[in-house]
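Listed below, chain by chain, are the residues.
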Amino acid sequence: MISDALCLYPRICRSLSGIVYQKTKGNPFFVLEFMQSLQSRGLLQYNSHQKRWVWNEDITRGEEITNNVLHLLSSKMNGLSDNVQMLLKSMACFGTSTNESVIGYLSESEVYAGVRKGLEGALHDGYIEKDGEGYLKFVHDKVREAAYNLISDSDKKQFHYDLGKALYSSCDGKDVEDAIFLPIASQINHGKEWILKDNEFSIAIAELNMKAGKKALDGCDDKTAYSYLGTALSLLPKDHWESHYDLSLRIYFLMASATNSNDEAELMLQKIFEKARCLDDQLPSYLLLNEIFLSQGNPKGAYDTCASVLSQLGEPIHNSVTPEAASSMLADTLTMYEEVYNDEWINKKLEDEKIRTIAKIYNTFGSAAEFTERDMSVYSSSLDSFRRLCHEGRTTCKHLVSAC
């Protein structure tokens, strides 16, 4: 590349090529910017006497590309059109890459209507590129840094908030993909003090953060999920358990799922047990509590919890069963199992979430018993429920099979 640009044999410019590669890691955009910066400051000159380009190798080798290129990029970006600058500033707020659909929704806002045209200019000038998977990304993190510096430090918080609010307004009431929740929440959360001034808006943004947290949790990004969920909780009013019960229940459960502290998770779950209006609303939390007990090596805690919940649900728990009686129950169960087992049963999906949860509790009940009492009554109780729920579908039965 250097040889072609300077019209010199490779052997002549090999040392300069090595320096440029060391400074730019071969990034075409940075190679061009670095070479232009050398030429503009007289470190790379055309010598009419020698009729070729010459350079000062020692000074060039000592050049710091980061500061020079960043300054050069910022200077060039200040001369770009308003549309291109708005596109670059907006993208820089989201990070090094942005889903193209985000720019599409943003362009629906009157204030940001020009970003679509700005996108064309930024692509043409080589500041950003498409990755072929629906994402736009800066060609280098320093390009993103220069774009972000177009926003003054005193205006950054307001710019983030306005960007998020415009996106939220464009997407409100539409069936948008889940991926949009994260960028909206990440921007609008910069203006928390403004959000809290409007109670109705606070609840709407709390729900947005809850959805963003759920999306991050589904992607196994627990730290990000916990941050969004914590913001959601902070936007709720003091009486949120009374005024926004369902939202409070979901946020507390998701936070208990996202935290990396078992102690904190137990505190969140205890709050659910305290505030939940019925046992059905507590069941998912009991399942999570059992997982925590088992992860802590506390099968007795899981066993006792399962027994208590099943008792509250009115599930039959046998007090004492002889091995002979248990063996007879198993034989009867296997016979029934053979009768219902077919392709239709295998593909049958359970619609009743409560029954599926009960089956999972039985599963944990049986697993915990392996490490505690190993009481035959546990297995006979599981067999009882297996037979009773078998016709509900395979989704239920697979949990009970494990317990049995």
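Residues numbered from 1 in each chain as written. Predicted model: local features only at pLDDT ≥ 70, side-chain atom pairs only at ≥ 80, totals over all residues. Heavy atoms only, no water.

(A) Representation of the confidence of the model for the chain. On average, residues of the chain score 82 in pLDDT, and 80% of them reach the 70 mark or higher. Element-level pLDDT for the chain is lowest in helix H24 (residues 394-403), with a mean of 46, against a maximum mean of 97 in helix H16 (residues 245-258). In this model residues 394-404 is a low-confidence stretch, pLDDT under 50, and it forms 37 contacts with partners more than four residues away in sequence or in other chains. (pLDDT = per-residue confidence, 0-100. Helix = DSSP H or I, 4+ residues; strand = E, 2+ residues; numbered from the N terminus. Contact = heavy atoms within 4.5 Å.)

(B) The arrangement of the pairing of strand E2 (residues 52-55) in detail. Bridging between strand E1 (residues 44-47) and E2 involves four bridges; their strand directions are antiparallel. Residue pairing in the sheet places Tyr46 in a bridge with Trp53 of E2. Linkage of E1 to E2, two consecutive antiparallel strands, is achieved through a turn of four residues, within which Lys51 is found at a positive phi near 60°. (Pairing = 2+ DSSP bridges.)

(C) Just helix H11 (residues 181-188), in detail. Here H11 lies mainly inside the structure; six of its eight residues are buried. Looking at H11, one finds that the buried residues are Phe181, Pro183, Ile184, Ala185, Gln187 and Ile188. Looking at the buried side of H11, the elements it contacts are helix H6 (82-94), helix H7 (100-106), helix H10 (156-171), helix H12 (192-195), helix H13 (199-218) and helix H14 (222-234). (Buried < 20%, exposed > 50% of the residue type's maximum accessible area, 1.4 Å probe, protein only.)

(D) Representation of H16 within the structure. If you check H16, its first and last C-alpha atoms are 20 Å apart, about what 14 residues at 1.5 Å a residue would give, namely 20 Å. Most of H16 sits out of view: ten of its 14 residues are buried. Every buried residue of H16 is accounted for by Tyr245, Leu247, Ser248, Leu249, Ile251, Tyr252, Leu254, Met255, Ala256 and Ala258. On its buried face, H16 sits against H13, H14, helix H15 (240-243), helix H17 (262-275) and helix H18 (279-295). (Expected span 1.5 Å × (residues − 1).)

(E) Here's a closer look at the environment of Arg250. On the secondary structure map, Arg250 appears in helix H16. Given the relative accessible area of 38%, Arg250 is considered partly exposed.

(F) Structural view of unusual backbone geometry. Phi is positive for Cys220, which is not a glycine, with a value near 65°. Its place among the elements puts Cys220 in the loop between H13 and H14.

(G) Main features of the packing of aromatic side chains. All told, the structure shown has six aromatic pairs when counted by the stated rule. On the basis of an interplanar angle of 75° and a centroid distance of 5.7 Å, the ring pair of Tyr46 and Trp53 is categorised as edge-to-face. Using a relative accessible area of 24% as the deciding quantity, one classes Trp53 as partly exposed. Ring geometry for Phe273 versus Tyr286: centroids 4.3 Å apart, planes at 20°, classification stacked. Taken together, the residues span a long stretch of sequence, with Phe273 in helix H17 and Tyr286 in helix H18 at a distance of 13 residues. Accessibility classification places Phe273 together with Tyr286 in one group, the buried group. One aromatic cluster is present, formed by Trp241, Tyr245 and Tyr252 through successive ring pairs. One Lys or Arg, Lys156, reaches over the ring of Tyr148 and ends 4.6 Å from the middle of that ring. Residue placement shows Lys165 over the ring face of Phe201; its charged tip is 5.3 Å from the ring centre. (Phe/Tyr/Trp six-rings, centres within 6.5 Å; stacked < 30°, edge-to-face > 60°. Lys NZ or Arg CZ within 6 Å of the ring centre and 35° of its normal.)

(H) Structural context of the sheet that holds strand E4 (residues 128-130). In space, the three strands of this open sheet follow the order E3-E5-E4, with antiparallel pairing throughout. Pairing within the sheet leaves two strands with one partner each, and these edge strands are strand E3 (97-99) and E4. Neighbouring strand axes in the sheet, compared pairwise and without regard to direction, differ in orientation by 25° on average. As paired elements, E4 and strand E5 (residues 135-138) share three bridges and run antiparallel to each other. Its bridge partner being in E5, Ile128 is matched across the sheet by Phe138. (Axes fitted to C-alpha atoms, helices over the stretch in contact; angles between N-to-C directions.)

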